[in-house]
Amino acid sequence: MASGGGGVEEVTNKQVLFKEYVSGFPKESDMHVSTSGTIKLKVPEGSNAILVKNLYLSCDPYMRPRMKQPTPGSQAYIDSFKPGSPIDGYGVAKVLDSGHPDFKKGDLIWGMTGWEEYSLITTTQGLFKIHHTDVPLSYYTGLLGMPGTTAYIGFYEICTPKKGEHVFISAASGAVGQLVGQFAKLSGCHVVGSAGSKEKVDLLKNKFGFDEAFNYKEEPDLAAALKRYFPEGIDIYFDNVGGKMLDAVLLNMRVHGRIAECGMISQYNLEQPEGVFNLMSVVWKQIRMEGFLVFEYYHLYPKFLEFVLPHIKEGKITYVEDIAEGLESAPAALIGLFTGRNVGKQVVVVARE
């Protein structure tokens, strides 16, 4: 730790740098943990940026498409990472210095930050101040952050559930899926989830209260498996995986069923996306299938908090986190998402305040 010019403290700033655009399956070596950077612990004079100390970082599947080289002329909903620069993503941080009237030293925030010990955040739009600190702060990377809001918007706003309906969720033990299942149970629905291991299937049934769950890796015929669990068909499908699972679901949907397209993790590492062949079901079953981007709905975040906080405090909603300690563990934690290594929401602890 050293002192910079003008008496401003300057400290080393460990960072996770993105090396080069990725094709195929990402590797830990596509990222590099650097200890050579430094940062001044003061916002530049006249700037309305904020300087934060990062506490928790979120590993999320949407980060994989950001590792791809941008295709000229194509529109991506979020920018690719820049080779040679720190990765950025959702996190929880503490404000150390602020040039912005809405944020002051000591405030806790969640939103987009850098994969580094300290970040100078120049775009404060999309940052949320944390007011409720009687729950674990790490929850603001998951249950009370982007994944929780995603589950709430996708299930309630897109799928409009009714009591007694039959709900299917893929990647059901992940950051979003585990919550959709619990929301569905609170709404009086019959809920089935799929996951990729016995441990995760047990979690769905015993921890999250799903009515049924199955390991998709053990099912040679996904359409037949879904027929077994939904003899009368599926009313709501919350899709986190796309590909073959989506194709099988389309055959098993009920008339006027709803599908929330949240993500398609089965496709992110493929050079050629898989085709979906049963789309005619959308027509003759009059299925409504809608994709959504959570940040288009952030104006509903206060409504979501009002709904979810009492349920957490009453023990009606539970949340499982997979904690990786230290910034140097972040590359392995992120890559682990794509092999299903994590159990629950993958969080990286940078510092505990």
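Residues numbered from 1 in each chain as written. Predicted model: local features only at pLDDT ≥ 70, side-chain atom pairs only at ≥ 80, totals over all residues. Heavy atoms only, no water.

On to the nonpolar core. Counting 83 residues, the largest nonpolar core has Trp 110, Trp 115, Tyr 140, Leu 143, Leu 144, Phe 183 and Leu 334 as its most contacted members. No fewer than three residues from each of domain 1 (10-142 + 320-349) and domain 2 (146-295) sit in this core. Dropping the residues within four chain positions of it, Leu 334 is found in contact with Met 31, Cys 59, Asp 60, Met 63, Met 67 and Trp 115. Grouped together as the second largest cluster of nonpolar side chains are 18 residues, Phe 168, Leu 222, Leu 250 and Ile 287 included. (Core = buried A, V, L, I, M, F, W, Y, C linked by side-chain atoms within 4.5 Å. Buried < 20%, exposed > 50% of the residue type's maximum accessible area, 1.4 Å probe, protein only. Domains from an automatic or database assignment. Contact = heavy atoms within 4.5 Å.)

What follows deals with the UniProt feature "domain: Enoyl reductase (ER)" (unreviewed entry) in the protein chain. UniProt's entry tags residues 34-348 with the feature "domain: Enoyl reductase (ER)" (unreviewed entry), counted in the numbering of this structure. Secondary structure across residues 34-348 comprises 24% helix and 25% strand; the distance between its end C-alpha atoms is 17 Å. (UniProt positions renumbered as here; feature names shortened; annotations may be inferred. Helix = DSSP H or I, 4+ residues; strand = E, 2+ residues; numbered from the N terminus.)

Next up on the list: the pattern of salt bridges. Summed over the entire model, instances satisfying the criterion amount to 19 salt bridges. Where Glu 274 meets Lys 244, a salt bridge forms, and the shortest distance between an N and an O atom there is 2.8 Å. Of this pair, Glu 274 sits in the loop between strand 15 (253-261) and helix 6 (280-284) while Lys 244 sits in helix 5 (residues 243-252), and the two are 30 residues apart along the sequence. Note on Lys 244: relative accessible area 57%, which makes it exposed. Here the salt bridges do not stand alone but share partners, grouping Lys 104, Asp 107 and Lys 129 into one network. (Salt bridge = Lys/Arg side-chain N within 4 Å of Asp/Glu carboxyl O.)

As a general point, the strands of a sheet are linked pairwise by backbone hydrogen bonds and lie either parallel or antiparallel. Sheet architecture is open: six strands sit in the order 13-12-11-14-15-16, paired in parallel fashion. Lying at the two open borders of the sheet, with one neighbouring strand each, are strand 13 (212-215) and strand 16 (288-291). With direction set aside, neighbouring strand axes in the sheet form an average angle of 15°. Across four bridges, strand 15 lies against strand 16 in parallel orientation. Pairing of Ile 259 across the sheet is with Met 289, part of strand 16. Of the strands in this sheet, strand 11 (166-169), strand 14 (234-239), strand 15 and strand 16 touch helix 1 (residues 146-158), which is tilted by about 150° from strand 14. (Pairing = 2+ DSSP bridges. Axes fitted to C-alpha atoms, helices over the stretch in contact; angles between N-to-C directions.)

One non-glycine residue, Thr 160, adopts positive backbone phi at about 40°. Structurally, Thr 160 is set in the loop between helix 1 and strand 11. Given a relative accessible area of 38%, Thr 160 falls into the partly exposed group. Phi at His 256 takes a positive value of approximately 65°, unusual for a residue other than glycine. Locating His 256 in the fold gives a position in strand 15.

All right, on to helix 1 then. The buried fraction of helix 1 amounts to 11 of the 13 residues, a majority that puts the element mostly inside the structure. The complete set of buried residues in helix 1 reads Met 146, Pro 147, Gly 148, Thr 149, Thr 150, Ala 151, Tyr 152, Ile 153, Gly 154, Phe 155 and Ile 158. Positioned one or two residues after helix 1, Thr 160 has a phi angle of 40°, which is positive.

Turning our eyes to something else, we now look at the packing of helix 1 against helix 7 (residues 301-313). Here helix 1 crosses helix 7 at 90°, and the two axes come no closer than 10 Å. Between helix 1 and helix 7, the angle is such that the two are roughly perpendicular. On helix 7, the residues that touch Gly 148, Thr 149, Tyr 152, Tyr 156 and Glu 157 of helix 1 are Tyr 301, Lys 303, Phe 304 and Phe 307. Residues that form the contact of helix 1 with helix 7 fall into these classes: five nonpolar, two polar and two charged. (Parallel < 35°, antiparallel > 145°, perpendicular 65-115°, else oblique. Nonpolar A, V, L, I, M, F, W, Y, C, P; charged D, E, K, R; others polar.)

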